[in-house]
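One letter stands for each residue in the lines below.
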Amino acid sequence: MFDARTRGGARDLAGAAADTASVGLSLFPLGLSLGVLVVHTGLEWWWATVFSAVVYAGSLEFLLLGLVAAATPLAQIAVTAFLVNFRHVFYALSFPLHKVRRGARPYAMFALTDEAYALTAGDRAASWSGARIVWMQVLLQVYWVAGATLGAVGGALLPVTLHGLEFALTALFVVLALDAWQARRELPVPLLAAASYAIAALVTPGQLLLTAMALFTGGLLLRHVMTGSVDVREADEEPSALEKAAPVPVGAER
Amino acid sequence: MPTPLYLTAAVALSAAITWGLRALPFAVLSPLRRSAALRRLSLSMPVGVMVILALYTLRGIEPTAWRSAVPAAAGLAAAVALHLRTRNAVVSVLGATALHVALATFWQA
């Protein structure tokens, strides 16, 4: 009986390794660049391990580096974390948490990243066991933390200072925006976002991100209220559109 | 240089909020499912959030300061072109970053 269980576990791990291979290919180098940035920011290399293992939310970690380097007040860091990661609220709608055994659920929720969501959102994951899902999440985190740690150690040893490495974050957001745009081509949304940013930059340059996100979210809600009352049919069709319009996060291509 | 205490607080706060956002919806799943406004928000938000974040990362760049503006513009063009062509996030991010680092490093030397 013990043997059968071990073999089952090995199969789950092997399956998870295959599932995560392509995503790992993007997580690892991104982790590397985060690690290099950590030491370039002036922090000890092991903060890269702490950031990637404990916060474990890719885009927020990059932003957080810039925020702590500028000694941003904790309240603003909290609001930024909330707004940047708010999208995760919706991953609960489709993530098969009920398959994961009770003891592992806190971790499964903690590690519900964009990539973990993308991998379990498709039909493929319907047959996966709970153990395979958790292994998949563990492996994704291993790629990320290993990349960040190696990047930080390597970055500390690098004799020359590379300028402009932080552009990896800009490029990542551009890529994610293009993928999200591809999923749902609504021109008013990016325009509303850009306008919110412009207003925030003019009115509250000290609280740029916070104001821009608030204006943008408020604008979207206003748009929902206004179009919702005009076109009821569209609102009725929304549920079916949810699955196919879900944004494809980084690394979800294969 | 940020103090270890401040850094620890920032990390703990970010982790707690992120975990809360990921875990809480499982406790209140059904009302969330019924909220048309939230569903609409979840569909439209990502592209806008990413646009705002991308703009935010470029806030230090003066359009008239060639030293930073040229590498940034080239990097942006490379990211968009590579991604439209390959649809591969690794290629797009690494390619655009490599170009930006090369331009920014040698431009300033």
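Residues numbered from 1 in each chain as written. Chains lettered and ligands numbered in written order. Predicted model: local features only at pLDDT ≥ 70, side-chain atom pairs only at ≥ 80, totals over all residues. Heavy atoms only, no water.

Once that is clear, we can look at the overall build of chain B. Per the secondary structure count, chain B includes five helices and zero strands. Along the chain direction, N to C, the helices and strands of chain B fall in the order α-α-α-α-α. Expressed as a percentage of its 109 residues, the buried residues of chain B come to 47%. Here the analysis covers contacts within chain B between residues at least 6 apart in sequence; of these, 32% occur between residues at least 24 apart. (Helix = DSSP H or I, 4+ residues; strand = E, 2+ residues; numbered from the N terminus. Buried < 20%, exposed > 50% of the residue type's maximum accessible area, 1.4 Å probe, protein only. Contact = heavy atoms within 4.5 Å.)

Taken together, the contact between chain A and chain B spans 91 residues of the former and 67 residues of the latter. Each partner contributes to the roughly 7300 Å² buried at the junction of chain A and chain B, and carbon and sulfur atoms together form 79% of this total. Where chain A packs against chain B, one counts one salt bridge. Asp179 of chain A is the salt-bridge partner of Arg87 of chain B, the closest N and O atoms lying 2.9 Å from each other. Counting the contacts that link chain A with chain B gives 11 residue pairs in polar contact (both at pLDDT 80 or more). A total of 16 residues in the side of chain A that touches chain B trace back to one element, the largest contributor, which is helix H8 (residues 167–183) of chain A. (Buried area = accessible area lost by both parts, 1.4 Å probe. Salt bridge = Lys/Arg side-chain N within 4 Å of Asp/Glu carboxyl O. Polar contact = N/O pair within 3.5 Å; in protein donor to acceptor, adjacent residues only side chain to side chain.)

Right, let's get into empty space enclosed by the protein. Residues and elements named next belong to chain A. Tallied over the full model, the rule gives three cavities of 30 Å³ or more. What the largest cavity holds in volume is close to 180 Å³. Around the largest cavity, the lining is made up of 16 residues, and of these Ala57, Gly58, Ser59, Asp114 and Glu115 lie nearest the centre. Going through the elements one at a time, helix H1 (2–41), helix H3 (58–69), helix H6 (114–121), helix H7 (130–157) and H8 are the ones with two or more residues in the lining of the largest cavity. Along the lines of polarity and charge, the residues of the lining of the largest cavity split into nine nonpolar, three polar and four charged. (1 Å grid on protein atoms, 1.4 Å probe; cavity = no way out; pocket = protein on both sides within 12 Å on 5 of 7 lines; lining within 4 Å. Points joined across faces, edges and corners; volume = space filled by probe spheres on them. Nonpolar A, V, L, I, M, F, W, Y, C, P; charged D, E, K, R; others polar.)

Residue and element names in this part refer to chain B. UniProt records the feature "transmembrane region" (unreviewed entry) at residues 6–29, 41–58, 64–82 and 89–107, using the numbering of this structure. In this annotation, residues 64–82 is assigned 89% helix and 0% strand; the end-to-end C-alpha distance for the span is 26 Å. End-to-end, the C-alpha atoms of residues 89–107 are 26 Å apart, and along that stretch the chain is 100% helix and 0% strand. (UniProt positions renumbered as here; feature names shortened; annotations may be inferred.)

Moving on: the environment of Leu76 of chain B. Note that Leu76 of chain B resides in helix H4 (residues 66–86). Not counting the four nearest positions on each side in its chain, Leu76 of chain B is found in contact with Phe167, Thr170 and Val174 of chain A together with Leu58 of chain B.

Turning to the nonpolar core, a few remarks are in order. Residues Phe51 of chain A together with Leu53 of chain B are the most contacted members of the largest nonpolar core, which totals 101 residues. Top element by residues in this core is H8 of chain A. It accounts for 12 residues. Not counting the four nearest positions on each side in its chain, Leu53 of chain B is found in contact with Leu63, Val84, Phe173, Leu209 and Met213 of chain A. (Core = buried A, V, L, I, M, F, W, Y, C linked by side-chain atoms within 4.5 Å.)

All names here are of chain A. Across all of its chains, the model carries two salt bridges over all chains by this definition. Across the pair Glu186 and Arg223 runs a salt bridge, and its minimum N-O distance is 3.1 Å. You can see Glu186 sitting in the loop between H8 and helix H9 (188–203) and its partner Arg223 sitting in helix H10 (residues 208–230), a full 37 residues away along the chain. With a relative accessible area of 14%, Glu186 lands in the buried category.

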